[in-house]
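Here is what each chain is made of, one letter per residue.
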Amino acid sequence: MEYISTRDKNLSFNFKDVFLRGLAPDGGLFIPKEIRTYNELEIKTLRSLSYTDLATEIISNFCIPDIKKNDLKKVIKKSYESFTTKDVIKIKKIGDINLVELYHGPTLAFKDIAMQVIGHMYDNLQVAKTKTVNIVVATSGDTGSAAIAALSNKKNINLFVLHPHNKISNIQRKIMTTIGGDNIYNIAIEGSFDDCQKIVKGLFNDNSFREKINMSGVNSINWARIICQIVYYFYSFFKMKKNNISFSVPTGNFGDIYAGYIAKKMGLPINKLIVATNKNDILQRVINTGEYKPDKVKQTITPSMDIQVASNFERLLYYILDENDSRVGSLMNDLSSKNSFNLEKKEINEIKKDFEAVKITDEETVSIIEEIYKKHKFIIDPHTATGVGAAQSFKNIGDTVVLGTAHPYKFRDTIKKAIGKNLESPEHLKLNIDKKETFDIISNSSLEVKNYILGKIQ
Ligand SMILES: *Cc1c(COP(=O)(O)O)cnc(C)c1O
């Protein structure tokens with residue numbers, strides 16, 4: 001599989017480059033040169049596969065020949081052994097809500113589904129065989145712990161995780177700062193997730209630093225994460241045993257929902273992809289008005305979605321703009337020079353063919369959690385609740401599956417406020433998170449982060 005940059009179609013990369021670098025050298029995002037499509041008959045043959053076999057089939061399209069299909073099968077099998085459910089995900093009917101639980105991995109959010117695979121891909125690609133790899137990642141709360149669980153104690157790999165100080169839930173922080181081995185460094189940045197992401201992107205664009213520390217990334221702009229997330233759209237679509245299914249997706253960096261868009265491009269007949277945002281509603285605004293304009297990040301009860309610069313949106317733009325790489329580049333230049341860009345009417349209409357978008361406020365989120373608990377004695381986390389709220393806003397589009405992105409325990413303080421219940425920790429986390437937390441607090445400065453990293457790896 002050959003890859004290009006969203007800002008330059010003439011650049012060419014293989015899967016291994018894309019996996020290791022995360023960000024294209026021109027600042028654009030990697031995108032496959034062609035996307036393999038399945039016809040109706042081929043889709044039928046995928047229906048009967050187990051989750052892991054389906055994952056092997058879907059993901060192999062994007063990583064052969066760098067990872068051979070047989071090796072990939074082993075990678076995937078090992079990755080999902082740590083999940084508490086055999087089929088990796090669970091599909092449930094809660095009243096009239098179709099919920100797919102994506103949080104049965106080691107750190108209780110959907111991020112584990114891709115990150116576990118990535119951890120084993122590092123082994124398979126033998127990237128740290130002769131030289132230490134330093135992975136730097138920004139997290140809005142869940143990516144960090146998933147990456148730590150996947151990479152802890154791996155030989156010749158160090159992992160630096162930047163999270164926004166005091167802006168993630170207590171349990172998110174505890175999991176992140178207690179489960180890691182000696183190769184894990186937690187950094188609390190005095191800023192927002194956008195600040196953390198900006199620092200990480202800056203380090204990737206700094207060639208001499210990147211090369212000096214042999215840097216790699218596992219952020220949601222990493223293509224390897226997207227391809228692992230495509231799988232559950234197929235799998236849950238098939239389990240619904242209907243056609244014309246829509247998906248409602250709690251969205252921050254536009255990674256998870258973008259995987260659904262690629263699933264549709266591959267031939268899965270998804271009806272609509274519904275973007276659920278919180279008050280940080282840049283995606284809702286761009287989809288409904290065409291103006292992409294980051295605001296200051298507002299803190300909400302859905303911290304994993306407290307993002308204003310939705311990086312993966314650039315990947316959608318590439319297709320919406322008819323694969324016009326120079327127009328993508330020029331809109332991205334507008335974004336950095338004027339802090340916004342505008343789409344034309346026909347481009348908005350193009351997006352609206354596949355997407356709907358709505359903002360769900362904290363008050364609405366709390367009342368959704370309350371209502372579902374009252375009616376069904378079932379507890380959902382606040383992020384998942386925004387997905388439920390978004391699905392309810394578009395009732396007329398027919399059967400919809402809501403992606404359940406995190407286990408409610410991760411947001412137990414919010415759950416306690418909403419329904420007055422103290423949630424217990426799932427068994428596999430119990431022993432760990434009462435340990436002493438280790439993290440360092442650093443100001444919002446790329447230079448300080450650089451010095452911190454250099455200090456640790458010398
Ligand atoms: C990461 C995350 C999201 C947002 O996913 P994106 O891929 O960034 O859009 C939503 N909910 C939870 C619980 C998350 O951890």
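Coordinates for the structure precede this section.
Figured I'd write up the structure that's included with this text. (Residues numbered from 1 in each chain as written. Predicted model: local features only at pLDDT ≥ 70, side-chain atom pairs only at ≥ 80, totals over all residues. Heavy atoms only, no water.)

1. Quick look at the overall build of the protein
The helix and strand tally for the protein stands at 20 helices and 16 strands. Along the first, second and third principal axes, the C-alpha atoms of the protein reach 55 × 50 × 50 Å. Of all 458 residues assigned to the protein, the portion counted as buried reaches 62%. Considering only contacts within the protein whose residues lie at least 6 apart along the sequence, 75% involve residues at least 24 apart. As displayed, the protein offers around 17,900 Å² of accessible surface, 46% of which is attributable to carbon and sulfur atoms. Averaging the coordinates of the 64 positive side-chain charges in the protein and doing the same for the 53 negative ones gives two points 3 Å apart. (Helix = DSSP H or I, 4+ residues; strand = E, 2+ residues; numbered from the N terminus. Buried < 20%, exposed > 50% of the residue type's maximum accessible area, 1.4 Å probe, protein only. Contact = heavy atoms within 4.5 Å. Areas by Shrake-Rupley, 256 points an atom, 1.4 Å probe, with all protein chains shown as cover. Lys, Arg positive; Asp, Glu negative; His and termini not counted. Charge placed at Lys NZ, Arg CZ, Asp CG, Glu CD.)

2. Some words on unusual backbone geometry
In this structure, the amide linkage connecting I64 to the following residue, P65, adopts the cis form with an omega of 5°. Summarising the element assignment, P65 is placed in the loop between α3 (51-63) and α4 (69-79). Within the chain, V88 stands out as a residue other than glycine whose phi angle is a positive 75°. Mapping V88 onto the fold places it in the loop between α4 and β4 (90-94).

3. What about the pattern of salt bridges?
Evaluated as defined, the whole model comprises 25 salt bridges. The residue K346 makes a salt bridge to E344 at a minimum N-O spacing of 3.5 Å. On the accessibility criterion, K346 (59% relative accessible area) is exposed. Via salt bridges that share partners, K272, K352 and E356 belong to a single interconnected network. (Salt bridge = Lys/Arg side-chain N within 4 Å of Asp/Glu carboxyl O.)

4. Re the sheet that holds strand β16 (residues 440-443)
Within the open sheet, the five strands sit side by side as β9-β6-β7-β8-β16. Their pairing is parallel. Looking at which strands have only one partner, the edges of the open sheet turn out to be β9 (215-216) and β16. Bridge analysis of strand β6 (residues 133-138) against β9 gives two bridges, and the strand direction is parallel. Within β9, the residue paired with I135 across the bridge is S216. Sitting on the sheet, helix α6 (residues 143-151) is in contact with β6, β7 (157-164) and β8 (184-190), with an inclination near 165° to β7. (Pairing = 2+ DSSP bridges. Axes fitted to C-alpha atoms, helices over the stretch in contact; angles between N-to-C directions.)

5. Some words on the environment of S60
Tracing the chain through its elements places S60 in helix α3. Here the alpha-carbon distance between S60 and N422, two residues 362 residues apart in the chain, equals 43 Å.

6. Comments concerning the site of the ligand
In the neighbourhood of the ligand, 15 residues make up the surrounding shell, with K111, D142, G252, N253 and D256 lying closest. A distance of 3.3 Å is found between an oxygen atom of the ligand and a backbone nitrogen or oxygen belonging to G255. One of the side-chain N or O atoms of T405 is found 3.0 Å from a nitrogen atom in the ligand. Within the complex, the protein chains bury 98% of what would otherwise be the 380 Å² of accessible surface of the ligand. Its residues placed into classes, the shell around the ligand shows five nonpolar, seven polar and three charged. (Near = heavy atom within 4 Å. Polar contact = N/O pair within 3.5 Å; in protein donor to acceptor, adjacent residues only side chain to side chain. Nonpolar A, V, L, I, M, F, W, Y, C, P; charged D, E, K, R; others polar.)

7. Considerations on the sheet that holds strand β2 (residues 8-13)
Pairing is antiparallel in the open sheet, where three strands are placed in the order β2-β1-β3. If you trace the sheet from one side to the other, it starts and ends with β2 and β3 (30-32), each paired once. Going from strand to strand, the sheet's axes swing by 45° on average, the running direction of each strand aside. Packing against the sheet, helix α13 (residues 313-320) makes contact with β1 (3-5), β2 and β3, and its axis sits at approximately 45° to β3.

8. Looking at the side chain of D256
In this fold, D256 is placed in helix α11 (residues 255-265). Buried and unpaired, D256 has K111 as its nearest opposite-charge partner, separated by 7.0 Å. A polar contact of 2.5 Å, which involves the side chain of D256, links it to the side chain of Y232.

9. Details of the environment of Y319
Structurally, Y319 can be placed in helix α13. Note on Y319: relative accessible area 11%, which makes it buried. Separated by 313 residues in sequence, Y319 and T6 place their C-alpha atoms 9.2 Å apart. Y319 has contacts with I31, P32, I35, Y258, Y261 and K265, leaving out every residue within four places of it along the chain.

10. Some thoughts on α11
Within α11, nine of the eleven residues are buried, leaving the element largely enclosed by the surrounding structure. Every buried residue of α11 is accounted for by G255, D256, I257, Y258, A259, G260, Y261, I262 and A263. Phi turns positive, to about 120°, at G267, one or two residues after α11.

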